[in-house]
Amino acid sequence: MNTVFPIGFPAPTALYLTLFVTTLLLHVVFMNYVLAGTAFLALAGLVKRKPADTGNATISSILRDWMPFAVSAAITMGVAPILFVQILYKENFYTANLLLFHRWMSIVPVLIVGFYLTYLLKSNKLATGQFALRIVVGFGAAACFGFTALSWTENHLLSLDRAVWTDMYAKGDIFYRSRVILPRLAMWFCGAFPTLATLVAWQLFSTQKNAPEPQRQRSARHIALIAAIGLTAFVASAIVYFWMMPPESRHAAIGPMSKPYLFVAGCGVVIQLAAWHLVFHRRRLTCVLLQLASFGALGTILGTLIARESIRISAIDFERLYSQHADAATKGGLLVFVAFAVVNAAAIAWCFRLVRRGRVRQLD
Ligand code: HEM
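(A) Structural view of the overall build of the protein chain. The helix and strand inventory of the protein chain stands at 14 helices and zero strands. Along the protein chain, helices and strands appear, N-terminal first, in the series α-α-α-α-α-α-α-α-α-α-α-α-α-α. Relative to the compact-globule value of 21 Å for 364 residues, the protein chain shows a C-alpha radius of gyration of 21 Å, a close match. Over its C-alpha atoms, taken along the principal directions, the protein chain stretches across nearly 60 × 45 × 45 Å. By residue count, 48% of the 364 residues in the protein chain fall in the buried class.

Written as structure tokens, this is what we have:
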């Protein structure tokens, strides 16, 4: 296809593609907070927190307080794209799920364990107590969400690798091996840090108003460093991944469907780097700089997601599915979807207020 995403597709296909990418973007924002946030907390757990630190709004204290909420938001935000991905890609998505079988379903208990570990992470006793326990809980939570990210990556790549399906089924193999899994996972993992930095910076900005100046400056510099290192590692792993992809996927990634969006993603990286550079040197989080970083982060995520879709569309016989998309569009579920999306958004906003109110009281 020689047109820009989602132009050139029949209307129902274009609608489902747009809904899929938009809802997946929301999932990715919260998923990034969880993936990078738990990794950060695991490393922060290597250092014992002083009891005096427990009342301050630091990067770690914010992450610990918000992590259970972020996990539930990431999971909830995964539901809408999982509906659309099934309508859009049918056989490819289902086959990968079925081939991976128990290994795929294992993400459910792993997510439950990870979720409860994030509650344990909130405990002050744990943060100021035994080193071994802190490490088990911190690294345990990070491993649970890292494993979930690995599983989604493995499932996605397997869904596009039709050549191995028969062999895998015949052997009863439930693990998919490919040399591109690790660089692709590295791209997601590193890319999670700039998003985390942007979200935590907004949280610091709104909660640190009365904090001592040196603490605010320190937090601003730390968060800018996290974002800049994450962005650099993201670009490096994206380049490695790009060169390791099969040539057809490389052509699709930079083809007409995604080229303008890749430009948006690249501009997003530059805008973010510029914003974090200023934060670092001015030692201050300002509303304008945070808006700039957020704008850049959204551009980078959107561009990456559309390049991802262009590769998938080019790898399968997508035109064959148009009639099924048109059929799905006649089923009339859109109204129910929109109604539930509104109810869920309201419920999430309410939970957000509850956590925020509890946190403000705690800081008072
Ligand atoms: C908090 C734990 C989770 C993490 C860390 C996570 C991570 C990821 C990652 C890294 C991807 C991209 C995979 C790739 O393109 O290589 C992804 C995609 C996706 N995730 Fe999540 N995920 C989580 C939970 C969930 C849950 C519980 C759902 C469903 C309810 C979900 C729904 C999706 C969907 C639909 C996609 C797109 C799949 C595709 O296009 O093939 N995620 N997730």
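(B) Just helix α3 (residues 91–105), in detail. In this model, α3 (15 residues) spans only 18 Å end to end at C-alpha, well below the 21 Å of a helix rising 1.5 Å per residue. In α3, a bend of some 70 degrees at L99 exceeds every other bend along the element. Looking at α3, one finds that the buried residues are N92, F93, T95, A96, N97, L99, L100, R103 and W104. Contact partners of the buried residues in α3: α2 (59–89), α4 (107–121), α6 (131–160) and α7 (165–171).

(C) Representation of the pattern of salt bridges. Applying the stated criterion across every chain, the model contains ten salt bridges. A salt bridge links R320 to D317, with the nearest nitrogen and oxygen atoms 3.7 Å apart. The partner of K331 in a salt bridge is D327, and the shortest N-O contact between them spans 3.7 Å. Under the relative-accessibility criterion, D327 is labelled partly exposed at 40%. Several salt bridges converge on common partners, so that one network encompasses E91, R162, D317 and R320.

(D) How the structure looks around the site of the ligand. In the vicinity of the ligand there are 21 residues, among which H27, W152, R184, R308 and R312 approach most closely. Take T153: an N or O atom from its side chain is 3.1 Å from an oxygen atom of the ligand. H156 places a side-chain nitrogen or oxygen 3.2 Å from an oxygen atom of the ligand. Across the shell around the ligand, the residue classes tally to 13 nonpolar, five polar and three charged.

(E) Fine view of the packing of helix α1 (residues 11–44) against helix α8 (residues 181–207). At their nearest, the axes of α1 and α8 sit 7 Å apart, and the two run at 95 degrees to each other. Comparing the axis directions of α1 and α8 gives the class roughly perpendicular. Residues V28, V29, M31, N32, Y33, L35, A36, G37 and A39 of α1 form the contact with α8, whose participating residues are W188, F189, G191, A192, F193, T195, L196, L199, V200 and Q203. Its residues assigned to classes, the contact of α1 with α8 comprises 14 nonpolar, five polar and no charged.

(F) Highlighting the environment of A347. Relative to the assigned elements, A347 resides in helix α14 (residues 334–363). Residue classification places A347 among the partly exposed residues on the basis of a relative accessible area of 36%. Residues A347 and A11, 336 residues apart in the sequence, show an inter-C-alpha distance of 32 Å.

(G) Broad picture of the packing of α2 against α3. Taken N-terminus to C-terminus, the directions of α2 and α3 make an angle of 115 degrees; their axes are 6 Å apart at the nearest point. Between α2 and α3, the crossing angle belongs to the class labelled roughly perpendicular. Contacts from I82, V85, Q86 and Y89 of α2 reach α3 at E91, N92, F93 and Y94. Considered class by class, the residues forming the contact of α2 with α3 number five nonpolar, two polar and one charged.

(H) A look at the packing of aromatic side chains. One pass over the structure, following the stated rule, counts 17 aromatic pairs. Measuring from centroid to centroid gives 5.8 Å for F318 and Y322, while their planes differ by 90 degrees, and the two rings are edge-to-face. Under the relative-accessibility criterion, Y322 is labelled buried at 17%. A connected cluster of aromatic rings, assembled from ring pairs, spans F9, Y89, F318 and Y322. Between the NZ or CZ atom of R221 and the centre of the ring of F280, over which it lies, the distance is 3.9 Å.

(I) Fine view of the nonpolar core. Counting residues in each nonpolar core, the largest one holds 99 residues, and the members touching the most others are Y33, I223, W276, L285 and F318. For F318, the contacting residues outside a window of four places in its chain are F9, T13, L17, L88, Y89, I313 and H325.

(J) Inspection of unusual backbone geometry at higher detail. F5 connects to P6 through a cis peptide bond whose omega is -5 degrees. Within the secondary structure, P6 sits in the segment before α1. Positive phi values are uncommon outside glycine, yet K90 reaches one of about 35 degrees. Examined against the element boundaries, K90 turns out to sit in the loop between α2 and α3. One non-glycine residue, R283, lies in the positive phi region at around 55 degrees. Counting through the fold element by element, R283 comes out in the loop between α11 (259–282) and α12 (287–315). Take R283: its relative accessible area is 35%, and that puts it in the partly exposed class.

Basis of the calculations
- Residues numbered from 1 in each chain as written.
- Predicted model: local features only at pLDDT ≥ 70, side-chain atom pairs only at ≥ 80, totals over all residues.
- Heavy atoms only, no water.
- Helix = DSSP H or I, 4+ residues; strand = E, 2+ residues; numbered from the N terminus.
- Rg over C-alpha atoms; globule rule 2.2 N^0.38 Å.
- Buried < 20%, exposed > 50% of the residue type's maximum accessible area, 1.4 Å probe, protein only.
- Expected span 1.5 Å × (residues − 1).
- Bend = angle between axes of the 7 residues up to and from the residue.
- Contact = heavy atoms within 4.5 Å.
- Salt bridge = Lys/Arg side-chain N within 4 Å of Asp/Glu carboxyl O.
- Near = heavy atom within 4 Å.
- Polar contact = N/O pair within 3.5 Å; in protein donor to acceptor, adjacent residues only side chain to side chain.
- Nonpolar A, V, L, I, M, F, W, Y, C, P; charged D, E, K, R; others polar.
- Axes fitted to C-alpha atoms, helices over the stretch in contact; angles between N-to-C directions.
- Parallel < 35°, antiparallel > 145°, perpendicular 65-115°, else oblique.
- Phe/Tyr/Trp six-rings, centres within 6.5 Å; stacked < 30°, edge-to-face > 60°.
- Lys NZ or Arg CZ within 6 Å of the ring centre and 35° of its normal.
- Core = buried A, V, L, I, M, F, W, Y, C linked by side-chain atoms within 4.5 Å.

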